[in-house]
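# Structural features, examined
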Amino acid sequence: MIYKNLFPATEENIRRAAEIIKEGGVVAFPTETVYGLGADALNPKAVARIYEIKNRPSFDPLIVHVCSIDMARNLVSEIDDISLKLMERFWPGPLTIVLPKRNDVPDITTAGLKTVALRMPASQIALKLIEFSERPIAAPSANPFGYVSPTNAIQVAETLGNRVDIILDGGKTEFGIESTVVMYHEGNLYLLRPGALEVETIERYLNLKVLEFKGNPRLSPGRLPKHYSPKADVRILNDWEDYFKSKAVYGRVGLVLLKRKTVFGFKEVIYLSEDGDVKEIAYRLFDSMYKVDRMGWEKAFFQRVEEVGLGRAIMNRLKKASGIAD
Ligand code: AMP
Ligand code: MG
């Protein structure tokens, strides 16, 4: 299959893409987490196209990508000391910080919320795209709403195709899982979404416990129970009995294991890593979900990981893929 809008992320093509952003177009581009679908964050019409292309409900706000702390300052009414410390320490990188927005950030970008989620990506391609376009770029993951986030350009092309003005191909993304989202509010730092930056790393740096956000899910819609899911029915493997019963009932049932292991008698097995390395498991998680669908499995049993460090983000995505609220 040839995609007419898929181009290697050369300097020249990044400049072309930046022009498209300036003109109100929509560009898919790699970040170090997953591929994003970006538009000028301050142009409501351009942002509306993102929602349209993704079929994303209008209550799900976008993350705005910046290329400097100064650019972030221009979008918010204030930055508290903790958020500033986090920016200085972890930007560029996979940390999104939610702050009170300025009036000129359009409501559609934040889905009507009075806050805006900001991140400075570490990917050179993403940074150049923001720099060349001289605008903050609003970008959710570049997949149809509810489906699995893409970690390579082909996955974007296959699911969004020609609806995007240009797709910059920068190869496979470094982390393969989305950013960690936090918000500071009245003396507490809240985790809105676990992600590629480990919560423990933030806690150690600030010497502060990061609290689970137990508030209204409307305030952080990544918390919707069903999200990030392939077409196959995803189940988290609790005991082998369940798996064997399913095999008797269903046509195509497969196993997704954390590490390479010989499982006799099963053809349908995917390994997420060679030896259980959690970074590798995160890196391959979404790919394995694309693969499950490509192979036409009806049901996929995923082995669980321990919910510490990156394991939190992995289990969060698995629970969402299986429709279990976290
Ligand atoms: P994504 O689809 O990966 O871009 O995820 C964007 C997610 O960031 C949303 O689903 C929310 O969880 C979070 N987010 C974005 N903007 C805000 C905001 N203003 N307040 C709270 N969470 C936000
Ligand atoms: Mg997404």
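Refer to the structure printed above.
Heads up: these notes are all about the structure in this document. A quick note: this is a predicted structure, and the numbers were derived from the prediction, not measured. (Residues numbered from 1 in each chain as written. Chains lettered and ligands numbered in written order. Predicted model: local features only at pLDDT ≥ 70, side-chain atom pairs only at ≥ 80, totals over all residues. Heavy atoms only, no water.)

## Remarks on the side chain of Gln 155
- Tracing the backbone shows Gln 155 in helix H7 (residues 153-160).
- At 2.8 Å, the side chain of Gln 155 and the backbone nitrogen of Thr 151 are in polar contact.
- When sequence neighbours within four positions are dropped, the list of residues in contact with Gln 155 reads Pro 150, Asp 287 and Tyr 290. (Helix = DSSP H or I, 4+ residues; strand = E, 2+ residues; numbered from the N terminus. Polar contact = N/O pair within 3.5 Å; in protein donor to acceptor, adjacent residues only side chain to side chain. Contact = heavy atoms within 4.5 Å.)

## Description of the sheet that holds strand S2 (residues 27-30)
- With mixed pairing, the 11 strands of this open sheet are ordered in space as S1-S8-S2-S3-S7-S4-S6-S5-S9-S10-S11. A single partner strand is all that each edge strand has here, and the edge strands are strand S1 (6-8) and strand S11 (210-212).
- Of the strand pairs in this sheet, strand S4 (residues 63-65) and strand S6 (residues 115-119) are connected by three bridges, and their pairing is parallel. Bridge pairing links Ile 63 to Ala 117 in S6.
- The sheet contacts of H7 involve S1, S2, strand S3 (35-40) and strand S8 (166-169), and relative to S8 the element is tilted by about 160°. (Pairing = 2+ DSSP bridges. Axes fitted to C-alpha atoms, helices over the stretch in contact; angles between N-to-C directions.)

## Brief notes about unusual backbone geometry
- A cis amide bond, omega -10°, links Trp 91 with the succeeding residue Pro 92.
- Along the chain, Pro 92 turns up in the loop between helix H4 (81-90) and strand S5 (95-100).
- Non-glycine residue Glu 134 carries a positive phi angle of around 55°.
- Note on placement: Glu 134 falls in the loop between helix H6 (124-133) and strand S7 (137-138).
- Its identity is not glycine, yet Asn 207 carries a phi of approximately 55°, on the positive side.
- Summarising the element assignment, Asn 207 is placed in the loop between helix H8 (199-206) and S11.
- For Asn 207, a relative accessible area of 72% puts it in the exposed group. (Buried < 20%, exposed > 50% of the residue type's maximum accessible area, 1.4 Å probe, protein only.)

## A look at the environment of Asn 152
- With respect to the element layout, Asn 152 can be found in the loop between S7 and H7.
- Looking at Asn 152, the relative accessible area reads 22%, which means it is partly exposed.
- Here the alpha-carbon distance between Asn 152 and Phe 29, two residues 123 residues apart in the chain, equals 9.4 Å.
- The residues touching Asn 152, leaving out its near neighbours within four places in the chain, are Tyr 35, Gly 171, Lys 172 and Asp 287.
- Polar side-chain contacts of Asn 152 include one of 3.1 Å to the backbone nitrogen of Ile 154.
- A distance of 2.9 Å separates the side chain of Asn 152 from the backbone nitrogen of Gln 155, its partner in a polar contact.

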